[in-house]
Amino acid sequence: VNTTAVVEIPGTGFSQNVTVTANQVISVTIPQNAILNVEGKENKGIHVKADKPVVVYAHIYFASVSGATLCLPVSTLGRDYYSVNFTQVAQPNLNSNSYSYFFVVATEDNTTVEITPSATTSGGRAAGVAFTENLNRGEVYQVLSNTDLTGSIIRSLNTGTGCKKIAVFSGAGRIGIGCPSPN
């Protein structure tokens, strides 16, 4: 169905109203100041609110690198996640900017998350040692590592007001998946 929507990143001041025509794809370009490039907390969550149901995809691309995800409504989100990543195998001169990563996005204020990374992080968090972060709606906490973070645990904790829903995204940058080179 035809509808209208707004795409916003309150932490950066970005907001764009869009008109959606039934069965058509529209594209919204997110400004570069929304890029997550450090380990830690940033106020860069992207919020999409439509008057009628829509399907939302996110796609990022640069040179020969590309990644995409289907974005889910808050009502379908969970409270416990495991990160799924991949081993970094980028060219040696590119490894300094090549990370296994995941990030958690709060959907409500005063959301306490417990993060247990499966590998030592670029921010100095030890593998297997849980730590907590308090996030407000739209805040993002990103974890980076040059080592595969598969198996990291991300949970919303009950701090007296119940466990709040969170979104978690995970992946790896500059990887090669395919057949091994012949010996």
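Coordinates for the structure precede this section.
Residues numbered from 1 in each chain as written. Predicted model: local features only at pLDDT ≥ 70, side-chain atom pairs only at ≥ 80, totals over all residues. Heavy atoms only, no water.

## Focus: the sheet that holds strand 12 (residues 153–157)
1) Next: Across the sheet, which stays open at both edges, the 4 strands sit in the order 7-12-9-10 with antiparallel pairing between neighbours. Every other strand in the sheet has two partners, leaving strand 7 (80–82) and strand 10 (131–135) as the edge strands with one partner each. In this sheet, adjacent strand axes meet at a mean angle of 20 degrees when their direction is disregarded.
2) Next: Note that strand 7 and strand 12 share 3 bridges and pair antiparallel. Looking at the pairing, D80 lines up with R155 of strand 12. (Pairing = 2+ DSSP bridges. Helix = DSSP H or I, 4+ residues; strand = E, 2+ residues; numbered from the N terminus. Axes fitted to C-alpha atoms, helices over the stretch in contact; angles between N-to-C directions.)

## Focus on a nonpolar patch on the surface
1) Next: Together, I30, I46, V48 and V54 make up an exposed nonpolar region whose accessible area comes to about 270 Å².
2) Next: Note on placement: I46 falls in the loop between strand 3 (40–42) and strand 4 (47–50). (Patch = residues over 30% accessible without salt bridge, like charges linked within 9 Å, V, L, I, M, F, W, Y side chains within 5 Å. Areas by Shrake-Rupley, 256 points an atom, 1.4 Å probe, with all protein chains shown as cover. Salt bridge = Lys/Arg side-chain N within 4 Å of Asp/Glu carboxyl O.)

## Topic: the sheet that holds strand 1 (residues 3–9)
Two orientations exist for strands paired in a sheet by backbone hydrogen bonds: parallel and antiparallel.
1) Next: Spatially, 3 strands are ordered 2-1-4 in an open sheet, and the strand pairing comes out antiparallel. What marks the edges here is a single partner per strand, and that holds for strand 2 (14–20) and strand 4. Geometrically, the sheet is characterised by an average inter-axis angle of 20 degrees between neighbouring strands, direction not taken into account.
2) Next: Strand direction decides the pairing type here: strand 1 and strand 2, joined by 7 bridges, are antiparallel. Paired with A5 across the two strands is V18, which belongs to strand 2.

## Here's the deal with the environment of D109
1) Next: With respect to the helices and strands, the residue D109 is situated in the loop between strand 8 (100–106) and strand 9 (111–116).
2) Next: For the pair D109 and G138, spaced 29 residues apart in sequence, the C-alpha separation works out to 8.4 Å.
3) Next: Here D109 is in contact with L135, N136, R137 and K164, once residues within four sequence places are set aside.
4) Next: A distance of 3.0 Å separates a polar side-chain atom of D109 from the backbone nitrogen of R137. (Contact = heavy atoms within 4.5 Å. Polar contact = N/O pair within 3.5 Å; in protein donor to acceptor, adjacent residues only side chain to side chain.)

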